[in-house]
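Here are the chains, one letter per residue:
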Amino acid sequence: MTRILFAFALAGTVNVSAQKADPESIYTKEGYKLVWADEFNNNGKPDTTSWTHEQGFVRNEEAQWYQGDNAWCENGLLVIEGRKETRPNPGFKKESGDWRSNRENAEYTSSSIKTAGKHSWQYGRFVMRGRIDVSPGLWPAWWTLGVSGEWPSDGEIDMMEYYRGKLLANIAVGTSKKYQAEWHSNTKSIIELGGPEWVSKFHIWRMDWTEKDIALYIDDQLLIKVDMDSLYNKDGSNTHPFKQPHYMLLNLAMGGTNGGALANTKFPNRFEVDYVRVYQK
């Protein structure tokens, strides 16, 4: 019995040491090399060699108008700011049945930046250190989409997503119904993670994407792991959306189909990102 207890104690000591070790040295020992990063160390607009801006009303019937003015770098951080401000909708059509054009004005603004057309990757370790605001109605996200195919058959990975009091880790593939995804998901409530104290701090979100599986983590805590064999599209094409390069997006959405009500939300709000890094073997 003494030998067994000693073995457990020794194993525990090794685990604690590993947790305290420099993540970069751990990644190197695991065979990873840094292939791309944005540290957001230059003040001003996000690097145009890596990022483009989405513009206007884009998806999910969200409340915000995306514009470039709401994203900038300062003090080593990318700041994406949500604001309550009125902006005329240039595409307004009074009788339109399209949510993008039947709103005369946008009542909120924010930013969404993406590496589409600039950088994309297939497989690797993706790491983001950031801090999110969890005020009612906010919907920050760090995610990927495949470079080819129509959503959701292009594949979607939500490495960090928050709304309505919980973090989400999601992987989506296509189905036989147009624009309807099959979701592989797990959630973790903010209260469970530590409540206001947790929210006040920066945290590290990570994806390990290999030929065998996709695993999503928060602060090294596994949220979900899905075998690649189960991620073929179910649309009859027999295509695999994660056997192609993906580009990444960073955005702060509001309201819409999932974000929730904004009536009691104080503005401005910020989604802050310290860095985004991609490693491959």
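On to the pattern of salt bridges, then. Applying the stated rule across the entire model yields 20 salt bridges. When the shortest N-O distance is used, the salt bridge between Glu 74 and Arg 270 registers 3.3 Å. Taken together, the positions of Glu 74 in strand β4 (residues 71–74) and Arg 270 in strand β17 (residues 269–280) put the pair 196 residues apart, joining distant regions of the chain. Given a relative accessible area of 28%, Glu 74 falls into the partly exposed group. With a relative accessible area of 31%, Arg 270 lands in the partly exposed category. A salt bridge links Glu 81 to Arg 270; the nearest nitrogen and oxygen atoms lie 3.2 Å apart. You can see Glu 81 sitting in strand β5 (residues 77–88) and its partner Arg 270 sitting in strand β17, a full 189 residues away along the chain. Take Glu 81: its relative accessible area is 10%, and that puts it in the buried class. Through salt bridges that share partners, Glu 30, Arg 125, Arg 206, Asp 208 and Asp 220 make up one connected network.

Moving on, we get to the side chain of Asp 158. Among the secondary structure elements, Asp 158 is positioned in strand β10 (residues 156–163). Salt bridges are absent for the buried Asp 158, whose nearest opposite-charge side chain, Arg 59, sits at 9.0 Å. With near-sequence residues (within four places) excluded, Asp 158 lies in contact with Trp 142, Trp 143, Leu 168, Ala 169, Asn 170, Trp 183 and Leu 216.

This part takes up the packing of aromatic side chains. All told, the structure shown has 13 aromatic pairs when counted by the stated rule. Between Tyr 108 and Phe 267, the aromatic rings sit 5.3 Å apart at their centres with planes inclined by 45°, giving tilted as the arrangement. Within this pair, whereas Tyr 108 is found in strand β6 (residues 105–110), its partner Phe 267 is found in the loop between α5 (256–259) and β17, the two being separated by 159 residues in sequence. You can call Tyr 108 buried: its relative accessible area is 11%. Members of the aromatic cluster, connected to one another through ring pairs, are Trp 36, Phe 40, Trp 51, Trp 121, Tyr 123, Phe 126 and Trp 209. The ring of Phe 57 is capped by Arg 103, whose NZ or CZ atom sits 4.8 Å from the centre of that ring. In this structure, Arg 206 is placed above the aromatic ring of Tyr 217, and the distance from its NZ or CZ to the ring centre is 3.9 Å.

Reading the values: rules and limits
Starting from 1, residues in each chain are numbered consecutively following that chain's sequence as written. Given that this is a predicted model, residues contribute local features only at a pLDDT of at least 70 and side-chain atom pairs are listed and counted only at 80 or more, while totals for whole chains, interfaces and linings are drawn from all residues. In computing side-chain values, all of the structure's heavy atoms are included and hydrogens and water are not. Here, a salt bridge means any Lys or Arg side-chain nitrogen found within 4 Å of an Asp or Glu carboxyl oxygen. A helix here means a DSSP run of H or I that spans at least four residues, while a strand means a run of E at least two residues long, and both kinds are numbered starting from the N terminus. Each residue's exposure class comes from its accessible area (1.4 Å probe, protein chains only) as a fraction of the maximum for that residue type: buried when under 20%, exposed when over 50%, partly exposed otherwise. Positive charges come from Lys and Arg alone, negative charges from Asp and Glu alone, with His and the N- and C-terminal ends not counted. Any pair of residues with heavy atoms lying within 4.5 Å of one another is described as a contacting pair. Classification of ring pairs rests on two measures: the distance between centres of Phe, Tyr or Trp rings, Trp counted by its six-membered ring, which must be within 6.5 Å, and the angle between planes, read as stacked under 30 degrees, edge-to-face over 60 and tilted in between. Distance and angle both matter: a charge sits over a ring if NZ of Lys or CZ of Arg is within 6 Å of the ring centre and within 35 degrees of the ring normal.

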